[in-house]
Amino acid sequence: MGDDRDSGPPAPESRAPWERPISRIHQPSDSAAPRDRPAAPRDRPAAQPDPAVQPDSESRSGRLRRLGKRSPNKPDTISVAELMGRKAEDDTPVSRPEVEAPTEKIAPITDRTPPPVAAQPEAVGSPAEDRPALTRLAMSKVRRRKRILNATRGLVSIIAILSVALTGVVWGYLRSTDQGFAQVAALDPDSTDVIDAAGQYGDETYLIVGTDTRTGASGAVGAGTVDDAEGARSDTVMLVNIPADRSRVVAVSFPRDLDVERPECEAFDNDTNTYTDEIYPAADGDKLNATYALGGPKCLVKTIQKISGLKIGHFVGMDFAGFESMVNEVGGVDVCTPQPLVDYELGTVLPNVGEQHVDGKTALNYVRARHVESEGNGDYGRIKRQQRFLSSLLRSALSNKVLLDPGKLSGFVNAFTRDTFVENVKTQDLITLGRSLQDVDAGAVTFLTLPTDGTNDWGNEIPVDGAIAALFRAIIDDQPLPGEERKEPAPTTEASTEPIAPTLAVDPTTVSVQVSNASEAAGMAATASSELSTYGFQILDVGNFAGTAAATVVRYSPGQESEAATVASSIPGAVVEEAAGLDSVVEVVLGSDYPGYTNAPTAFGQPVEAAQGQGTTEAAPLPENLAYTNAADDTCA
């Protein structure tokens, strides 16, 4: 069967029968006409080609004609092939002119400009009316949590406020007490009389002086009048040393009539605690208390430093009135006497025997009395009583009768600052020192008396120089002392007598050397030090060795093995020996076997060996009759 309709041949440029329009797209004109311009009628004849069209446009239209044919009867339809062709054209990048973005214009702010409106936070969560009602138990838990939270916040706030307040109170207290100290120039930090300064590193040494002045409050408590004696004297002189490890306390009392060599001193005005332009020349055969009467604290410190070799870092002076006030502030002190104490100048001080509690006035007479017939030498009897009094005061403080009583402690500190004159002493320093001595037992506190041997024609106590040197050498080296009950140190391994392992020599300019003469040849130490210095060794001190040496030995502290071996390589026959208290200093002790010359040391960086010795040197023995008092001894003997 055939089709009644004769389709005939397809018209040129017409669509195939199976092609159908998929969209109707109004083609915009080339002009910039408005978009709402009415479309042309369907029966409008086709527009003639515009001669102004560019060749590129013609090529594109030709390409579209090859991809698909447009029906002349339906100019507003588009085929699939034509749509795909246009898509390819759209993907081609087209350059557009850059247009500057418009700049926002902000009106100036004037008085009429309304204030900005703050953004309000948006509500989070569901409204309260939409939430389920809490049970009574849940509401109780919520209230309890709120109470705990508020209480915690309040407690933290109170603690913070109290901390700040307490810090301010403590700072203010320390500042006020420090301002209460009367300052006086006394110390001589650059003294050349200090022995083995490196060995004393970390030690605390105080010179405590009780002055005998007849003016002011001291005259009112019975010290006498200015008609008896003008100015002030060092009635009590005590040198207190505390080693770096705070393992003990040693206090050495000096007789007030000790025969001394007074150095050149500036004149001191005791009323104003200042020095004048007058200079007193050096003198021999003077009494110790006269050095203070003429040259004040400076002259006394110089004299004591020369005798002891200790580096005095703190000075504390106190008169009779201050002593009495401090004893009263702590509520008195317990003392003990084996017999009634009667002084023919002060009268009866203690009528009864045994232990008894005394107030400030009685305690002052107890430590001052020096004309007691039963004691023989009044100066030494008084020193012994002073040591016993301080021992009792120390035991009282260690038993927390003072330290844990804020009232007594505050009164004691206030009295101490009010009635003392010091240099390099602050309240914080005393507190720190007291804390570092918390674990020190009373048995580790020893009071010693400087060794003397009778009096000379002027009534001066004659010092025993050898025994004095041995005593202070033992203090510097932290050696055991008579009557001391210190805890035994941990045992150390014995040094080997075999040669030490090879080490490398160091640069001589980095080694500090102290040369001590233990031989009988005078001037040997000066000669050896001069030769050692030519090789670059740094000579710190030259003197005599306070002890004996069986042979020439180089002494050193742990950690200085290379330095000691380098020094020993310069001295023929020398051995090395470990010793305490030298720190970074190497000590050369010249024995009787010293040949009298030195050699160049082993070159820097080369292996060096030295024989290890033990027991080669010995410190000078302490005198057997050295007077001492242990702070733990509470007997009346």
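Residues numbered from 1 in each chain as written. Predicted model: local features only at pLDDT ≥ 70, side-chain atom pairs only at ≥ 80, totals over all residues. Heavy atoms only, no water.

## Structural notes on the overall build of the protein chain
Next up, step 1: Helix and strand counts for the protein chain stand at 13 helices and 27 strands.
Next up, step 2: Going through the 637 residues of the protein chain one by one, you find that 37% of them count as buried.
Next up, step 3: Contacts in the protein chain between residues far apart in sequence, at least 24 positions, make up 74% of those at least 6 positions apart.
Next up, step 4: Just so you have it, the protein chain exposes about 38,000 Å², and 54% of that area is on carbon and sulfur atoms. (Helix = DSSP H or I, 4+ residues; strand = E, 2+ residues; numbered from the N terminus. Buried < 20%, exposed > 50% of the residue type's maximum accessible area, 1.4 Å probe, protein only. Contact = heavy atoms within 4.5 Å. Areas by Shrake-Rupley, 256 points an atom, 1.4 Å probe, with all protein chains shown as cover.)

## Observations regarding the nonpolar core
Next up, step 1: In this structure, Val240, Phe323, Leu350, Tyr366 and Phe389 are the most contacted members of the largest nonpolar core, which totals 38 residues.
Next up, step 2: Each residue touching Val240, except ones within four places of it in the same chain, is listed here: Glu204, Thr205, Tyr206, Ile208, Val249, Val250 and Ala251.
Next up, step 3: Counting 33 residues, the second largest nonpolar core, distinct from the first, contains Val184, Val209, Leu239 and Val250. (Core = buried A, V, L, I, M, F, W, Y, C linked by side-chain atoms within 4.5 Å.)

## Side note on a positive patch on the surface
Next up, step 1: Taken together, the side chains of Lys141, Arg143, Arg144, Arg145 and Arg147 define a basic patch exposed on the protein surface.
Next up, step 2: By the secondary structure assignment, Arg147 is in helix H3 (residues 136–180). (Patch = residues over 30% accessible without salt bridge, like charges linked within 9 Å, V, L, I, M, F, W, Y side chains within 5 Å. Salt bridge = Lys/Arg side-chain N within 4 Å of Asp/Glu carboxyl O. Lys, Arg positive; Asp, Glu negative; His and termini not counted. Charge placed at Lys NZ, Arg CZ, Asp CG, Glu CD.)

## Quick notes on the pattern of salt bridges
Next up, step 1: Across all of its chains, the model carries 14 salt bridges by this definition.
Next up, step 2: As a salt-bridge pair, Arg256 and Asp235 come within 2.8 Å of each other at their nearest N and O atoms. A residue pair is termed long-range when its members are at least 10 positions apart, and Arg256 in the loop between strand S4 (249–254) and strand S5 (259–262) and Asp235 in strand S3 (residues 232–242) qualify at 21 residues. One exposure class covers both Arg256 and Asp235, and it is buried.
Next up, step 3: Across the salt bridge formed by Lys306 and Glu261, the nearest N and O atoms sit 3.4 Å from each other. Here the residue Lys306 occupies a position in helix H5 (residues 288–308), and Glu261 occupies one in strand S5, the gap between them amounting to 45 residues.
Next up, step 4: The network of salt bridges with common partners includes Asp235, Arg256, Asp257, Arg370, Asp379 and Arg382.

## Regarding the packing of helix H6 (residues 320–329) against helix H7 (residues 360–368)
Next up, step 1: Where H6 meets H7, the axes come as close as 8 Å, and the angle between the chain directions of the two elements is 130 degrees. Judged on the interaxial angle alone, H7 and H6 are oblique. Pair H6 / H7 crosses with right-handed handedness. Here Phe320, Phe323, Glu324, Val327 and Asn328 of H6 lie close against H7, whose contacting residues are Gly360, Lys361, Ala363, Leu364, Val367 and Arg368.
Next up, step 2: A class-by-class count of the residues in the contact of H6 with H7 yields 6 nonpolar, 2 polar and 3 charged. (Axes fitted to C-alpha atoms, helices over the stretch in contact; angles between N-to-C directions. Parallel < 35°, antiparallel > 145°, perpendicular 65-115°, else oblique. Left-handed = near helix turned anticlockwise from the far one by under 90°. Nonpolar A, V, L, I, M, F, W, Y, C, P; charged D, E, K, R; others polar.)

## What about the state of the cysteines?
Next up, step 1: By the definition in use, this model includes 1 disulfide.
Next up, step 2: Put simply, Cys265 and Cys299 are joined by a disulfide, and their sulfur atoms are 1.9 Å apart. Between Cys265 and Cys299 the sulfur-sulfur dihedral comes to about 65 degrees; the bridge is accordingly right-handed. In this pair, Cys265 sits in strand S6 (residues 265–269) while Cys299 sits in helix H5, placing the two residues 34 residues apart along the sequence. Residues Cys265 and Cys299 agree in their burial class; the two are buried. (Disulfide = S-S within 2.5 Å.)

## Here's the deal with a negative patch on the surface
Next up, step 1: Taken together, the side chains of Glu355, Glu485, Asp633 and Asp634 present a region of like negative charge at the surface.
Next up, step 2: Along the polypeptide, Glu485 turns up in the loop between helix H11 (465–476) and strand S18 (503–504).

## A look at the side chain of Arg246
Next up, step 1: Position of Arg246 among the secondary structure elements: in the loop between S3 and S4.
Next up, step 2: With relative accessibility at 18%, the residue Arg246 sits in the buried group.
Next up, step 3: Polar side-chain contacts of Arg246 include one of 2.7 Å to the backbone oxygen of Pro243.
Next up, step 4: Contact partners of Arg246, with chain neighbours within four places excluded, come to Gly202, Glu204, Leu433, Ser436, Leu437 and Val440. (Polar contact = N/O pair within 3.5 Å; in protein donor to acceptor, adjacent residues only side chain to side chain.)

## Topic: the environment of Leu364
Next up, step 1: Inspection of the secondary structure puts Leu364 in helix H7.
Next up, step 2: Between the alpha carbons of Leu364 and Gln386 there is a distance of 9.7 Å; along the sequence they are 22 residues apart.

## Remarks on the pairing of strand S22 (residues 553–556)
Next up, step 1: Across the two faces of S22 the burial is the same, with Val553 and Arg555 and Val554 and Tyr556 all buried.
Next up, step 2: In this structure, S22 lies alongside strand S23 (residues 575–578), joined through 4 bridges in parallel fashion. Note on S23: the bridge partner recorded for Arg555 is Glu577.
Next up, step 3: Tracing the backbone out of S22, into helix H13 (residues 561–568) and back to the parallel element S23 gives a crossover that is right-handed.
Next up, step 4: Bridging between S22 and strand S24 (residues 585–590) involves 3 bridges; their strand directions are antiparallel. In the sheet register, Arg555 faces S24, and the bridge partner there is Glu587. (Pairing = 2+ DSSP bridges. Right-handed = clockwise from strand over helix to strand, strands pointing away.)

## Some points on the packing of aromatic side chains
Next up, step 1: Applying the stated criterion across every chain yields a total of 5 aromatic pairs.
Next up, step 2: Consider the rings of Phe254 and Phe472, whose centres lie 6.3 Å apart with planes at 20 degrees: the pair is stacked. Of this pair, Phe254 sits in strand S4 while Phe472 sits in helix H11, and the two are 218 residues apart along the sequence. Across the pair, Phe472 and Phe254 agree in class, each one buried.
Next up, step 3: Here a set of aromatic residues connected by ring pairs shows up, and it is made of Phe268, Tyr275 and Tyr292.
Next up, step 4: Over the aromatic face of Tyr275 sits the side chain of Lys298, whose NZ or CZ is 4.9 Å from the ring centroid.
Next up, step 5: For the cation-ring pair, Arg368 lies above Phe320, with the distance from its terminal atom to the ring centre recorded as 4.6 Å. (Phe/Tyr/Trp six-rings, centres within 6.5 Å; stacked < 30°, edge-to-face > 60°. Lys NZ or Arg CZ within 6 Å of the ring centre and 35° of its normal.)

## Examining the sheet that holds S23
Next up, step 1: Strand order in the open sheet made by the 5 strands is S20-S19-S24-S22-S23, with mixed pairing throughout. Two strands lie at the open edges of the sheet, namely strand S20 (538–544) and S23, each paired on one side alone. Averaged over all pairs of adjacent strands, the angle between strand axes in this sheet comes to 25 degrees, irrespective of strand direction.
Next up, step 2: With 6 bridges connecting them, strand S19 (residues 512–517) and S20 associate as parallel partners.

## Here we look at H11
Next up, step 1: Between its terminal C-alpha atoms H11 stretches 16 Å, which fits the 16 Å expected from 12 residues at 1.5 Å a residue.
Next up, step 2: Along H11, 9 of the 12 residues are buried, which leaves the element largely enclosed by surrounding structure.
Next up, step 3: Those residues of H11 that fall on the buried side of the exposure criterion are Ala467, Ile468, Ala470, Leu471, Phe472, Arg473, Ala474, Ile475 and Ile476.
Next up, step 4: Asp478 occupies a position one or two residues after H11 and carries a positive phi of about 60 degrees. (Expected span 1.5 Å × (residues − 1).)

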